[in-house]
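Listed below are the residues making up each chain.
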Amino acid sequence: MRLFVRAALYLGLTLAAITFIYPFLWMLSSSLKPPFEFGTLALIPGSITLDNYRIMWSRAPFGRALANSVLVAGTITAAVLVLSSMTAYAMARLRFPGRRALNAATLAVLLVPGQLTLIPLYTLIVQLGWIDTYAALIVPYLCNATAILMLRQFFLQIPQSLIDSARMDGMGELRILFTIFWPLARPPLAIVAIFTFMGSWNEVLWPLLVVRDQQTMTLPQLLTVFALGGGAGTLGVSLAASMVLVVPVVVAYMFLQRYFIESMAGAGVKG
Amino acid sequence: MRAEDRSGWLLSAPYAAFLLVFAAYPVCFALALVFMHWDLVRAPSFAGFDNVRLLATDTRFWRAVLNTFVFLGIHLPLQIATALTLALALNRPLVFRAFWRAAFFLPVVISGAVVAILWNALYATDVGLINGLLARAGVAPVPWLTDPSLAMPAIAVMVTWKNVGFYVVIYLAGLQYIPRSCQEAIAVEGASAWQRLRHLTLPLLLPQTILVVTLSTINGFQLFIEPYVMTGGGPLRRTFSIVLYMYTNAFSYQKMGYAATIGVALALIIGLVVAIQRRVIGKAEVQ
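Residues numbered from 1 in each chain as written. Chains lettered and ligands numbered in written order. Predicted model: local features only at pLDDT ≥ 70, side-chain atom pairs only at ≥ 80, totals over all residues.

Some points on the overall build of chain B
Turning to step 1, where the next piece is worked out: Across its full length, chain B holds 13 helices and 2 strands.
Turning to step 2, where the next piece is worked out: Seen through its C-alpha atoms, chain B measures out along the principal axes to roughly 75 × 70 × 40 Å. (Helix = DSSP H or I, 4+ residues; strand = E, 2+ residues; numbered from the N terminus.)

Structural data, given as structure tokens:
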């Protein structure tokens, strides 16, 4: 009986794991199949071709979009790390008038659904003349309330004596933050970095609103426009384009899966 | 001025400025836009209650709201059931537990746009993987995304698949707080596995269930990229989501006032639905 239960458990888990992994393998394999083979179930293509990749690369600026995505997600992540830790440090370790108001405002921001501010933000970007610029993709994401609260929570636990002795040595607050707090705060900083980067990397609704020029599009947007606009022609080409977006994420995920799970689950719960 | 005051202000000044421009201003302006007509070309004009009146009688908007409830009606029970089942399985002593958890979480890290394109291919009537597998079992091809009564359920299943790993992690965190000794104690009293689940595990997991319901409801109301990529809102507008309708009004019709009104209405509906859910689940606990 015991043995039977365990066998059933592993069988069930294996089936579940196949359900989650197989579609991605099928995607990889389908992107390598010639059109006439597309409908087949075989995971290993009868004849492997890179035609889908060649077509997708020649019809839309995917190289450029990849660079755009790296630039946008990278800038946002760096800015969020620096600005959030500055704010979190001030909120956790400095006493100044307005600190409480800032804390309350940050909690309030978490309660505002994104759909409420989407249209006014869009009109703001139009009025600033930022349509089709990187600024439109980057600036509205430079600060992040979830990141601030997460880092603040961590900064509260660092002993005051470290700050006191650093001040005694004549260190300014910024130096204390970046030379003493940052090395201690690597785990929460990694968590913030992952969920910020992934959020930006996968975002598609906002780019669809503020960017129309293919040269400024990030990968998920170009992919969506490409697949919808009929530029792809066949499903195989769409899947090949999707691979460009997925492969870097899956590779990073394979090495850092514990951090990914902790980070993305944690951010979702708090945000 | 005290040095600490000055450093505090300097360090938090960028964030305070950001909050004013990108949080406070949009919230206030969203409320103002409700009473405006604005196509972004001419100057905005005062609209009185035009937008609100239009919203109240706009069958396309209410169709989108109804669609979202259809989506949630399928998605919520399915999401809870699958997440709970997988979490209970993972909570046992297992070989390769990290691997199983990572496998279930994989779709969570993938962009919604990719998942939509992938499932478009999986659901394809003639060359899709799902109909291919069904054909082996002798089932005729099913028009998953082109049949008006099947399209939304098909999307609900797909979204459940994409997010389940996230909710498994939430349930697993909850399960870790239920001591094994508790389970063993009532097992000794003669409780069957089902009774243990029904009377011990499920009630103790109530906070997680509330969280799962709340988060997947909020997430469900944000449905956008899936219908945008897979169905364009069709067939017969059955998969048109509220955010897709808002996007269409802003981007295609240039009706900023009306789009913002939809956004405000959506925020209110989300707040209302989540409040009702919490009440109902809370009552169920008392009984």
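More follows now that the structure is in view.
Concerning the overall build of chain A
Turning to step 1, where the next piece is worked out: The helix and strand tally for chain A stands at 13 helices and 0 strands.
Turning to step 2, where the next piece is worked out: Ordered by position from the N terminus, the helices and strands of chain A form the series α-α-α-α-α-α-α-α-α-α-α-α-α.
Turning to step 3, where the next piece is worked out: Relative to the globule expectation of 18 Å for 271 residues, the C-alpha radius of gyration of chain A, 23 Å, shows a markedly less compact shape.
Turning to step 4, where the next piece is worked out: Within chain A, contacts between residues at least 6 apart in sequence are counted, and of these 75% link residues at least 24 apart. (Rg over C-alpha atoms; globule rule 2.2 N^0.38 Å. Contact = placed C-beta atoms within 7 Å.)

Quick word on the environment of Gly73(B)
Turning to step 1, where the next piece is worked out: Assignment of secondary structure puts Gly73(B) in helix α3 (residues 59-90).
Turning to step 2, where the next piece is worked out: A C-alpha to C-alpha distance of 26 Å links Gly73(B) and Leu134(B), two positions 61 residues apart in sequence.

Focus on the interface of chain B and chain A
Turning to step 1, where the next piece is worked out: Each partner contributes to the interface: chain B provides 68 residues, whereas chain A provides 70 residues.
Turning to step 2, where the next piece is worked out: The element best represented in the side of chain B that touches chain A is helix α1 (residues 3-33) of chain B, accounting for 19 residues.
Turning to step 3, where the next piece is worked out: By residue class, the composition of the side of chain B that touches chain A is 55 nonpolar, 8 polar and 5 charged. (Nonpolar A, V, L, I, M, F, W, Y, C, P; charged D, E, K, R; others polar.)

Here we look at helix α1 (residues 2-31) of chain A
Residue and element names in this part refer to chain A.
Turning to step 1, where the next piece is worked out: Its 30 residues give α1 an end-to-end C-alpha distance of 43 Å, which sits within 8% of 44 Å, the value for a rise of 1.5 Å per residue.
Turning to step 2, where the next piece is worked out: By the largest-angle criterion, Ile21 marks the main kink of α1, which is about 35°, and a proline, Pro23, follows within four residues.
Turning to step 3, where the next piece is worked out: Buried within α1 we find Leu13, Ala16, Phe20, Pro23, Met27, Ser30 and Ser31. (Expected span 1.5 Å × (residues − 1). Bend = angle between axes of the 7 residues up to and from the residue. Buried ≥ 20, exposed ≤ 12 C-beta atoms within 10 Å, placed from the backbone.)

Topic: the packing of helix α3 (residues 62-93) of chain A against helix α10 (residues 186-202) of chain A
Residue and element names in this part refer to chain A.
Turning to step 1, where the next piece is worked out: Packing of α3 against α10 brings their axes to within 9 Å, and their N-to-C directions diverge by 145°. Our pair here, α3 against α10, has a crossing hand that is right-handed. Every residue of α10 that contacts α3 at Ser69, Val72, Ala73, Ile76, Thr77, Val80, Leu81 and Ser84 is listed here: Leu189, Val192, Ala193, Thr196, Phe197, Ser200 and Trp201.
Turning to step 2, where the next piece is worked out: For the contact of α3 with α10, a count of residues per class yields 10 nonpolar, 5 polar and no charged. (Axes fitted to C-alpha atoms, helices over the stretch in contact; angles between N-to-C directions. Left-handed = near helix turned anticlockwise from the far one by under 90°.)

Details of unusual backbone geometry
Residues and elements named next belong to chain B.
Turning to step 1, where the next piece is worked out: The residue after Gly234, namely Pro235, is reached through a cis peptide bond having omega -10°.
Turning to step 2, where the next piece is worked out: Tracing the sequence through the fold places Pro235 in the loop between α11 (225-230) and α12 (242-252).
Turning to step 3, where the next piece is worked out: Backbone geometry places Arg237, a non-glycine residue, at a positive phi of 60°.
Turning to step 4, where the next piece is worked out: For Arg237, a count of 18 C-beta atoms within 10 Å translates into the label partly exposed.

Description of the confidence of the model for chain A
Turning to step 1, where the next piece is worked out: Considering every residue of chain A, the mean pLDDT works out to 91; 98% of them sit at 70 or more.
Turning to step 2, where the next piece is worked out: The least confident element of chain A is helix α13 (residues 235-270) of chain A, whose mean pLDDT is 87; the most confident is helix α6 (residues 134-138) of chain A, at 97. (pLDDT = per-residue confidence, 0-100.)

Quick look at the packing of helix α4 (residues 99-111) of chain A against helix α7 (residues 145-155) of chain A
Residue and element names in this part refer to chain A.
Turning to step 1, where the next piece is worked out: The N-to-C vectors of α4 and α7 enclose an angle of 135°; their axes lie 9 Å apart at closest approach. Here α4 is positioned oblique relative to α7, judged by the angle of their axes. Pair α4 / α7 crosses with left-handed handedness. Two secondary-structure elements touch here, α4 through Thr106, Val109 and Leu110 and α7 through Ala145, Thr146, Ile148 and Leu149.
Turning to step 2, where the next piece is worked out: Grouping the constituent residues of the contact of α4 with α7 by class yields 5 nonpolar, 2 polar and no charged. (Parallel < 35°, antiparallel > 145°, perpendicular 65-115°, else oblique.)

Some thoughts on the environment of Ala136(A)
Residues and elements named next belong to chain A.
Turning to step 1, where the next piece is worked out: Inspection of the secondary structure assignment puts Ala136 in helix α6.
Turning to step 2, where the next piece is worked out: Residues Ala136 and Met27, spaced 109 residues apart in sequence, show a C-alpha to C-alpha distance of 32 Å.
Turning to step 3, where the next piece is worked out: Leave out the neighbours within four places in its chain, and Ala136 touches Ile125, Trp130, Ile131, Val210 and Val211.

Concerning the environment of Ser238(A)
Residues and elements named next belong to chain A.
Turning to step 1, where the next piece is worked out: Following the sequence through the fold, Ser238 ends up in helix α13.
Turning to step 2, where the next piece is worked out: Classification of Ser238 as buried rests on a count of 27 C-beta atoms within 10 Å.
Turning to step 3, where the next piece is worked out: A C-alpha to C-alpha distance of 27 Å links Ser238 and Leu15, two positions 223 residues apart in sequence.

Some details on the confidence of the model for chain B
Turning to step 1, where the next piece is worked out: Taken residue by residue, chain B gives an average pLDDT of 92. The fraction at 70 or more is 99%.
Turning to step 2, where the next piece is worked out: Reported confidences for the modelled complex are a pTM of 0.93 and an ipTM of 0.91.

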